[in-house]
Amino acid sequence: MAQTAGVRRPVTTTTTTATTTKATVSVSDRQTAAAKVATTDPSCTGLTAFYWEIGDKTGKLGSGQGGTGKTKTAASTLMPVASASKWVYASTVIEAQKGVLSADDVSFLSMRSGYTNFNDCSSAAGTTVSSCLAAAGRFAGTNGDYEADTAGQFYYGGGHMQVHAVQRGWGSDTTSALTTALKSIKGMPTNSFNYTNVQLAGGVGSNATNYGLFLRRVLDGTLAQTAAALGRHAVCAHANGSDCTGVIFSPINQSRPGGPNDISNESWHYSLGHWVEDDPSVGDGAFSSPGKFGFYPWIDKSKTWYGVLARYDATNVYNSDPTKTPYNTSRLCGRKIRQAWLNP
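In this report, we go over the structure that sits alongside the text.

What counts, and at which threshold
Residues numbered from 1 in each chain as written. Predicted model: local features only at pLDDT ≥ 70, side-chain atom pairs only at ≥ 80, totals over all residues. Heavy atoms only, no water. Helix = DSSP H or I, 4+ residues; strand = E, 2+ residues; numbered from the N terminus. Buried < 20%, exposed > 50% of the residue type's maximum accessible area, 1.4 Å probe, protein only. Contact = heavy atoms within 4.5 Å. Areas by Shrake-Rupley, 256 points an atom, 1.4 Å probe, with all protein chains shown as cover. Expected span 1.5 Å × (residues − 1). Salt bridge = Lys/Arg side-chain N within 4 Å of Asp/Glu carboxyl O. Phe/Tyr/Trp six-rings, centres within 6.5 Å; stacked < 30°, edge-to-face > 60°. Core = buried A, V, L, I, M, F, W, Y, C linked by side-chain atoms within 4.5 Å. Polar contact = N/O pair within 3.5 Å; in protein donor to acceptor, adjacent residues only side chain to side chain. Pairing = 2+ DSSP bridges. Axes fitted to C-alpha atoms, helices over the stretch in contact; angles between N-to-C directions.

### Some remarks on the overall build of the protein
(1) Moving on: On a plain count of helices and strands, the protein comes out with 10 helices and 13 strands.
(2) Moving on: Dimensions of the protein, computed from the C-alpha atoms along their principal axes, are close to 105 × 45 × 45 Å.
(3) Moving on: A buried classification covers 51% of the 344 residues belonging to the protein.
(4) Moving on: The long-range fraction of contacts in the protein, counting pairs at least 24 apart against all pairs at least 6 apart in sequence, stands at 62%.
(5) Moving on: If you sum the accessible surface of the protein, you get close to 15200 Å²; carbon and sulfur atoms cover 51% of it.

Following this line, the structure appears as C-alpha cells:
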C-alpha cells in the first residue's frame, strides 16, 4: 500500500520479552533415558548379561539390567574385575601417602616404568607378589625384567604395579595378605574387595555394589586424595597420531604391542591407575578403568556421578575380532548409558 505524500505514519515497535525456563532434569528422567539405552541401543543389546548402576556421593540413583543370556547379572554378582583393579591399587598408594607421590610413583602408576615384560601370575608361581615376578615373562625372561628401552614410554601392562608393590614392602604378600593390606588403608571400604590373584593390576574380585561404594567414597571425600588425583599426571596414551609420541602399547587402540590401531582411533590419556576418556571427537572426559572381562567403572568429568557396568564375559576375551573384546564393548555401551544419564 502506498503512503500519502507528506504524511509520516508513526511506526509502532512492539517488544516481546521471552522468558526461557530451563526444565529441571529429574532423576526419573535420567533413569528412563539410561534404561532405554541399556535395553535398546545396539552397543548394549549384543552384550552378555550385565547390570548397570549410576549414582552420586549419596548413593545409587538408577540401575537396571541388559544384555542377553538366561543367567542375569545382579548388583551382588561377584566377578573378577581385572584391570579395574588398577584404580583400586593406585588409590591405596595415593591415600597411604596422603597424595604426595614421588617421580617413581608417578612413573609406575602411569605405566611408564619400563617393566614391560609382564605376562601374568600363574597359580603355580604366583603365590606371592614377588614370586609372580619370577614367573616366565611375555618375551622370554621373567615377569620382573626391566626393559630399559621402554622406560619413559607408555606401555599398558601389569608389571609396573607388581614391581611397585614389591618396592613398597608387599613382596611377601599372598592374596589373603593383600586383601588385609588393602582394607587397612584409611577410608577404603573394608568389605568391598578381595584379591583372588596376587596380580596388583588385575587380581581383585568384587561386584557392582561394592565397587560402587568405592567410587562413592571418592566422590564424598572419604578418599579425598584419590578424588584430587583424578586426571593428575595424565600422559598421552594413544598410538594413532604424531601428537603423541612414546606410546608402545595402548589397548584402547591396539590388540597387541606394536600392532596397528585395530580397536579404535580414539585418543585418550592415562592418569594414576585410570584412563581419561578425553578423545576430542567422542570423549566426555570421564575417568574410568575397564577390565578385561567387561567390568567397567567410571566417574564423570564433573566428579558428580559414578557408574558401573558389571559383567563377566570369558567367551569373547580372545575373539578373533579385537573390537569384540569385552572391555571394549563394555566401555562403548557404558559410555552411551552415561551420556544418556547426563543428557536425557
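### A short note on helix α3 (residues 85-96)
(1) Moving on: Between its first and last C-alpha, α3 extends 17 Å over 12 residues, near the 16 Å set by a 1.5 Å rise per residue.
(2) Moving on: With 11 of 12 residues buried, α3 is to be regarded as a mostly interior element.
(3) Moving on: Within the sequence span of α3, burial applies to S85, K86, W87, V88, Y89, A90, S91, T92, V93, I94 and E95.
(4) Moving on: Count one or two residues on from α3 and you reach K98, which has phi positive near 55°.

### Section: the side chain of R335
(1) Moving on: Mapping R335 onto the fold places it in helix α10 (residues 326-342).
(2) Moving on: Ignoring any residue separated from it by four or fewer positions in sequence, one finds R335 in contact with E266, W268, E277, V282, D284 and Y296.

### Remarks on the pattern of salt bridges
For side chains of opposite charge, pairing can occur when their charged atoms come near one another.
(1) Moving on: Tallied over the entire structure, the rule returns seven salt bridges.
(2) Moving on: Residues R331 and E266 are paired through a salt bridge, measuring 2.8 Å at the closest nitrogen-oxygen approach. Separated by 65 residues along the polypeptide, R331 in helix α10 and E266 in the loop between β8 (247-249) and β9 (269-270) bring together distant segments of the chain. As far as burial versus exposure is concerned, R331 and E266 are alike and both buried.
(3) Moving on: R311 is paired through a salt bridge with D313; the nearest N and O atoms lie 3.3 Å apart.
(4) Moving on: What emerges from the salt-bridge pattern is a single network uniting E266, R331 and R335.

### What to know about the packing of aromatic side chains
(1) Moving on: Overall, the coordinates contain 16 aromatic pairs when judged by the stated rule.
(2) Moving on: Between the aromatic rings of Y115 and Y146, the centroid separation amounts to 5.2 Å while the plane-to-plane angle is 55°, which identifies the pairing as tilted. With Y115 in the loop between α4 (103-109) and α5 (129-133) and Y146 in the loop between α5 and β4 (154-155), this pair connects stretches of sequence that are 31 residues apart.
(3) Moving on: Here F293 and Y312 contribute two aromatic rings whose centre-to-centre distance is 4.9 Å and whose plane-to-plane angle is 45°, an arrangement assigned as tilted. With F293 in the loop between β11 (286-288) and β12 (296-299) and Y312 in the loop between β13 (306-310) and α10, this pair connects stretches of sequence that are 19 residues apart.

### Details of the nonpolar core
One broad rule of soluble globular proteins: the nonpolar side chains tend to lie buried together.
(1) Moving on: Ranked by size, the top nonpolar core spans 67 residues in total, and within it Y89, F154, L200, Y211, F214 and I299 carry the most contacts.
(2) Moving on: Counting residues in hydrophobic clusters, the runner-up holds 17 residues, among them A33, A38, L47 and W52.

### Comments concerning the side chain of D56
(1) Moving on: For D56, the position within the fold is in strand β1 (residues 50-56).
(2) Moving on: Here T58 takes part through its side chain, which lies 2.5 Å from a polar atom of the side chain of D56.
(3) Moving on: Once residues lying within four places of it in the same chain are set aside, the contact partners of D56 are L61, R216, L219, T304, W305 and Y306.

### Quick look at the sheet that holds β12
(1) Moving on: Pairing is antiparallel in the open sheet, where eight strands are placed in the order β2-β1-β13-β12-β11-β10-β9-β7. Each edge of the open sheet carries a strand with a single partner, namely β2 (59-66) and β7 (235-236).
(2) Moving on: This element, α10, spans β1, β2, β10 (275-277), β11, β12 and β13 of the sheet and lies at about 35° to β12.

### With respect to the sheet that holds strand β6 (residues 204-206)
(1) Moving on: Reading across from one edge, β3-β6-β5 is the order of the three strands in this open sheet, with antiparallel pairing throughout. Two strands close off the open sheet at either side, each with one partner strand: β3 (79-80) and β5 (194-195).
(2) Moving on: With two bridges connecting them, β3 and β6 associate as antiparallel partners. Opposite P80, over in β6, you have G205 as the bridge partner.

### Considerations on unusual backbone geometry
(1) Moving on: Phi is positive for M111, which is not a glycine, with a value near 65°.
(2) Moving on: Locating M111 in the fold gives a position in the loop between α4 and α5.
(3) Moving on: Even without a glycine there, the phi angle at H233 is positive, about 55°.
(4) Moving on: The residue H233 is located in the loop between α9 (224-228) and β7 in this model.

### Side note on the environment of A151
(1) Moving on: Among the structural elements, A151 can be located in the loop between α5 and β4.
(2) Moving on: Of the residues examined, A151 reaches a relative accessible area of 32% and is grouped as partly exposed.
(3) Moving on: Spatially, the C-alpha atom of A151 lies 5.9 Å from that of R112, the residues being 39 residues apart in sequence.
(4) Moving on: Ignoring sequence-local partners within four residues, the contact set of A151 consists of R112, S113, G114 and Y146.

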